[in-house]
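What follows is the residue order along each chain.
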Amino acid sequence: MSPGQAILARKSLDRRLAALRGEAVAVPSRGWLKGVREALGLSTRQLAKRMGAAYSRITAMEKAEPAGAITIKSMREAAEAMGCTFVYAIVPTNSLDDIVQQQAARKAEAMLARLHHTMRLENQAMDGADLVTERQRIIAELLAGSTRRLWDDE
C-alpha cells in the first residue's frame, strides 16, 4: 500500500470509528452473556439448547467472560443464540491521524536528542529556533513515507 493509500485508508477508518470514540460502555459486572441472558429471561439450560451446547459450556462461558478468557467465536455464537449481534472493536482514544502525528513527534524528539547531544560534544549545539525547525523537518520527513518506520525502535 502506498503512503497516499495508507493515509486515505486511515482517514476512512477514523471516520467510522469516530462515532464510537468517547463512548463509555459499562460492562455488566457479571459479563454481557449472563446480563443479557438474564434480561431476556433465558435459563442457562435454555441457552445451551439454543446453542446446541452442554449446560456446563454456558456456565463455563459465563465464568470466563468477566475474566477475559472467552473466545470471540464463543461470544458470537452465544449472541446469535440470544437473537443479538456481537460487536467487537478496537477504538482509538484519539483520531488515528493524531496517534500517528504523536508517534512521529516522539520519534523526531528521540532522533533530535541524539543529534543535539553529538553536536554539543563537538561544540556545535543548535539554538532553540534551529531545534524547532529541525524537529518540524524530521516530523515532516517521517510522515512523508511509510508510517511503519515510526514504530521501529532506533
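Rules of the game
Residues numbered from 1 in each chain as written. Predicted model: local features only at pLDDT ≥ 70, side-chain atom pairs only at ≥ 80, totals over all residues. Heavy atoms only, no water. Helix = DSSP H or I, 4+ residues; strand = E, 2+ residues; numbered from the N terminus. Buried < 20%, exposed > 50% of the residue type's maximum accessible area, 1.4 Å probe, protein only. Contact = heavy atoms within 4.5 Å. Areas by Shrake-Rupley, 256 points an atom, 1.4 Å probe, with all protein chains shown as cover. Lys, Arg positive; Asp, Glu negative; His and termini not counted. Charge placed at Lys NZ, Arg CZ, Asp CG, Glu CD. Phe/Tyr/Trp six-rings, centres within 6.5 Å; stacked < 30°, edge-to-face > 60°. Lys NZ or Arg CZ within 6 Å of the ring centre and 35° of its normal. Axes fitted to C-alpha atoms, helices over the stretch in contact; angles between N-to-C directions. Parallel < 35°, antiparallel > 145°, perpendicular 65-115°, else oblique. Nonpolar A, V, L, I, M, F, W, Y, C, P; charged D, E, K, R; others polar. Patch = residues over 30% accessible without salt bridge, like charges linked within 9 Å, V, L, I, M, F, W, Y side chains within 5 Å. Salt bridge = Lys/Arg side-chain N within 4 Å of Asp/Glu carboxyl O.

(A) Representation of the overall build of the chain in the model. The secondary structure content of the chain amounts to 7 helices and 0 strands. Starting at the N terminus and ending at the C terminus, the chain contains elements arranged as α-α-α-α-α-α-α. Taken along its principal axes, the extent of the C-alpha atoms in the chain is 75 × 30 × 25 Å. Expressed as a percentage of its 154 residues, the buried residues of the chain come to 27%. Within the chain, contacts between residues separated by at least 24 positions form 61% of all contacts whose residues are at least 6 apart in sequence. Approximately 10500 Å² of the chain is accessible, and the part contributed by carbon and sulfur atoms is 55%. Side chains of the chain carry 23 positive and 18 negative charges; the gap between the two charge centres is 12 Å.

(B) Just the packing of aromatic side chains, in detail. Counting across every chain of the model gives 0 aromatic pairs. Between the NZ or CZ atom of Arg 45 and the centre of the ring of Tyr 55, over which it lies, the distance is 4.2 Å.

(C) Up close: the environment of Trp 151. Structurally, Trp 151 can be placed in the segment after helix 7 (128-144). Owing to a relative accessible area of 45%, Trp 151 belongs among the partly exposed residues under this scheme. Remark: the alpha-carbon pair of Trp 151 and Val 100, spanning 51 residues in sequence, is separated by 9.4 Å. Leaving out residues up to four positions away in the same chain, Trp 151 has contacts with Ile 99 and Gln 103.

(D) Highlighting the packing of helix 3 (residues 44-51) against helix 5 (residues 72-81). Between helix 3 and helix 5, whose axes approach to 9 Å, the crossing angle comes to 105°. Viewed along their axes, helix 3 and helix 5 adopt a mutual orientation that is roughly perpendicular. In this structure, helix 3 contributes Leu 47, Arg 50 and Met 51 to the contact, and helix 5 contributes Glu 77, Ala 78 and Ala 81. Across the contact of helix 3 with helix 5, the residue classes tally to 4 nonpolar, no polar and 2 charged.

(E) Broad picture of a nonpolar patch on the surface. A contiguous nonpolar surface patch, about 300 Å² in accessible area, is contributed by Val 25, Val 27 and Trp 32. On the secondary structure map, Trp 32 appears in helix 2 (residues 32-40).

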